[in-house]
Amino acid sequence: LFDGIYPYYPQQRKAASFNISTIIVIVVFLTLACSFLLIIPGIRGRARLYWTLRVLLSLFMGVGIVVVQFTGDWETGWVQANTSYKSFSHAMVNADLGLHIGLEGVNITLKGNPVNQINETINYNEHFSWSFGSNYDRSYSEGLEKGLPSPILYVAEKFTSQSPCAVHRQYRISGHYASATLWVAFCTWTISNILFSMPALVYGGYMLLVTGAFLTFSLLSFSTVRNSPMCLIQIGTATLRVAYGGSFWLTLVIGLLCFVAGITVVALHHLNLDLLKTFFDLREDKAEEYQEMAEVHVNSCFVNKAL
């Protein structure tokens, strides 16, 4: 041993706290937000407040629609229990076992209480993907070959295609269609911003309503997994139960926000167009609106020829 580490073998992988794709999406939208905040002092008067509200609200919608594609907490569950640690071993550990279900797969976490037990560091976060193009059963087999802790393999086995639970196909298809409708919602959100900048305000409002509709479809698609009863996940004497997680509720909030914003824009277009134009900084100055032509010059030569 060299400082407690085997010299010729890689160290044990550390548990990941964030998805790299999620971080990239957040950084991109934060860059856009910071760029806008740099130019906002150049906007005068009350329009500065309106621009800030519109841009930040729109960016919040956009980042929420994209980031939930890569998160793993559409359904989550935690349980603390005394459980066996490895196969063919009678060693028992006290640990927190977490199950995090996303659109593209499942993350299973195992963290000891305390982390260092039986001369090992118990801190795992393993991802098993069921998205199209990946093989969940192969990932599970690789976990068996690596000798992952028994609680992780026990939970992962519930989602294999050969499991009696029979939830693999349901989660895979529901996640696929939920992801597809979310990408369509992102496209309609982009179109709504283009329409607001053209400006075609009422059509931008309609596209926000369409965005909210597709977000609702994604929630309904993922909710169909509830039609298949989940097998009981028993860890020692405790039972692991899952419930809707942060990504599900964030998608619901953004969908409701799109409906509220879309209905408000459409209603103001028909009831108070001047107020809507003021909010979007499109109202013309009264002096310019009613400006009359002061003097007209007529070429008498052209008039005589026409006569």
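Computed from a prediction, not measured in an experiment: that's the story for all the values here.

### Looking at the overall build of the chain
Next up, step 1: Scanning the chain from terminus to terminus reveals ten helices and seven strands.
Next up, step 2: A buried classification covers 38% of the 307 residues belonging to the chain.
Next up, step 3: Residue pairs in contact within the chain that sit at least 24 positions apart in sequence constitute 66% of those at least 6 positions apart.

### Some points on the pattern of salt bridges
Next up, step 1: Within this structure, the stated rule accounts for one salt bridge.
Next up, step 2: For lysine 146, the salt bridge goes to glutamate 126, with nearest N and O atoms at 3.7 Å. Note that lysine 146 is positioned in helix H3 (residues 136-146) and glutamate 126 in strand E4 (residues 120-129), a separation of 20 residues in sequence.
Next up, step 3: Since its relative accessible area comes to 51%, lysine 146 is described here as exposed.
Next up, step 4: Judged by its relative accessible area of 9%, glutamate 126 is buried.

### Details of the state of the cysteines
Next up, step 1: For the structure on display, the rule yields one disulfide.
Next up, step 2: A sulfur-sulfur distance of 2.1 Å marks the disulfide that ties cysteine 165 to cysteine 231. Judged by the sign of its S-S torsion, about -135°, the cystine formed by cysteine 165 and cysteine 231 is left-handed. Here cysteine 165, found in the loop between helix H4 (150-157) and helix H5 (168-197), pairs with cysteine 231, found in the loop between helix H6 (201-223) and strand E5 (233-235); they are 66 residues apart in sequence, far enough to count as distant.
Next up, step 3: Residue class for cysteine 231 comes out partly exposed when judged on its relative accessible area of 23%.

### Notes on unusual backbone geometry
Next up, step 1: Residues asparagine 113 and proline 114 are joined by a peptide bond in cis, for which omega reads 0°.
Next up, step 2: As for its position among the elements, proline 114 is in strand E3 (residues 105-117).
Next up, step 3: The backbone of asparagine 119 shows a phi angle near 65°, a positive value even though the residue is not glycine.
Next up, step 4: With respect to the helices and strands, asparagine 119 occurs in the loop between E3 and E4.

### Describing the side chain of serine 174
Next up, step 1: Position of serine 174 relative to the elements: it lies in helix H5.
Next up, step 2: We classify serine 174 as buried; its relative accessible area is 3%.
Next up, step 3: A polar contact is formed between the side chain of serine 174 and the side chain of threonine 224, at a distance of 2.8 Å.
Next up, step 4: Residues contacting serine 174, with those up to four places away along its chain left out, are Ser221, Phe222, Thr224 and Val225.

### Description of the UniProt feature "transmembrane region" (unreviewed entry) in the chain
Next up, step 1: According to UniProt, the feature "transmembrane region" (unreviewed entry) maps to residues 20-39, 51-70, 203-222 and 242-268 in the numbering used here.
Next up, step 2: For residues 20-39, the helix share is 100%, the strand share is 0%, and the end-to-end C-alpha distance is 29 Å.
Next up, step 3: Each end of residues 242-268 is marked by a C-alpha atom, and these two atoms are 42 Å apart; helix forms 85% of the span and strand 7%.

### Some words on H4
Next up, step 1: For H4, the buried fraction is high: six of the eight residues fall into the buried class.
Next up, step 2: Ser150, Pro151, Ile152, Leu153, Val155 and Ala156 are the residues of H4 that are buried.
Next up, step 3: On its buried face, H4 is in contact with strand E1 (75-84), strand E2 (92-101), E3, E4, H3 and E5.

### Some details on the environment of valine 67
Next up, step 1: Inspection of the secondary structure puts valine 67 in helix H2 (residues 47-67).
Next up, step 2: In this structure, the C-alpha to C-alpha distance between valine 67 and valine 25, residues 42 residues apart in sequence, is 6.4 Å.
Next up, step 3: Residues within four places of valine 67 in sequence aside, it is in contact with Thr22, Val25, Ile26 and Leu250.

### Some words on the pairing of E3
Two faces belong to every sheet, and in a regular strand the side chains alternate between them.
Next up, step 1: Alignment of E2 against E3, held across seven bridges, turns out to be antiparallel. Bridging across to E3, histidine 100 finds its partner in asparagine 107.
Next up, step 2: Two elements, E3 and E4, share nine bridges in a ladder whose sense is antiparallel. Of the residues in E4, the one forming a bridge with threonine 109 is asparagine 125.

### A few points about helix H1 (residues 20-39)
Next up, step 1: For H1, with 20 residues, the first-to-last C-alpha span of 29 Å sits near the 28 Å given by 1.5 Å per residue.
Next up, step 2: Those residues of H1 that fall on the buried side of the exposure criterion are Thr22, Val25, Phe29, Ala33 and Phe36. All buried residues of H1 fall inside an arc of 75° around its axis, so they share one side. Those residues of H1 that are exposed and angled more than 90 degrees off the buried face are Ile20, Ile24, Leu38 and Ile39.

Conventions and cut-offs
Residues numbered from 1 in each chain as written. Predicted model: local features only at pLDDT ≥ 70, side-chain atom pairs only at ≥ 80, totals over all residues. Heavy atoms only, no water. Helix = DSSP H or I, 4+ residues; strand = E, 2+ residues; numbered from the N terminus. Buried < 20%, exposed > 50% of the residue type's maximum accessible area, 1.4 Å probe, protein only. Contact = heavy atoms within 4.5 Å. Salt bridge = Lys/Arg side-chain N within 4 Å of Asp/Glu carboxyl O. Disulfide = S-S within 2.5 Å. Polar contact = N/O pair within 3.5 Å; in protein donor to acceptor, adjacent residues only side chain to side chain. UniProt positions renumbered as here; feature names shortened; annotations may be inferred. Pairing = 2+ DSSP bridges. Expected span 1.5 Å × (residues − 1). Arc of directions from axis to C-beta.

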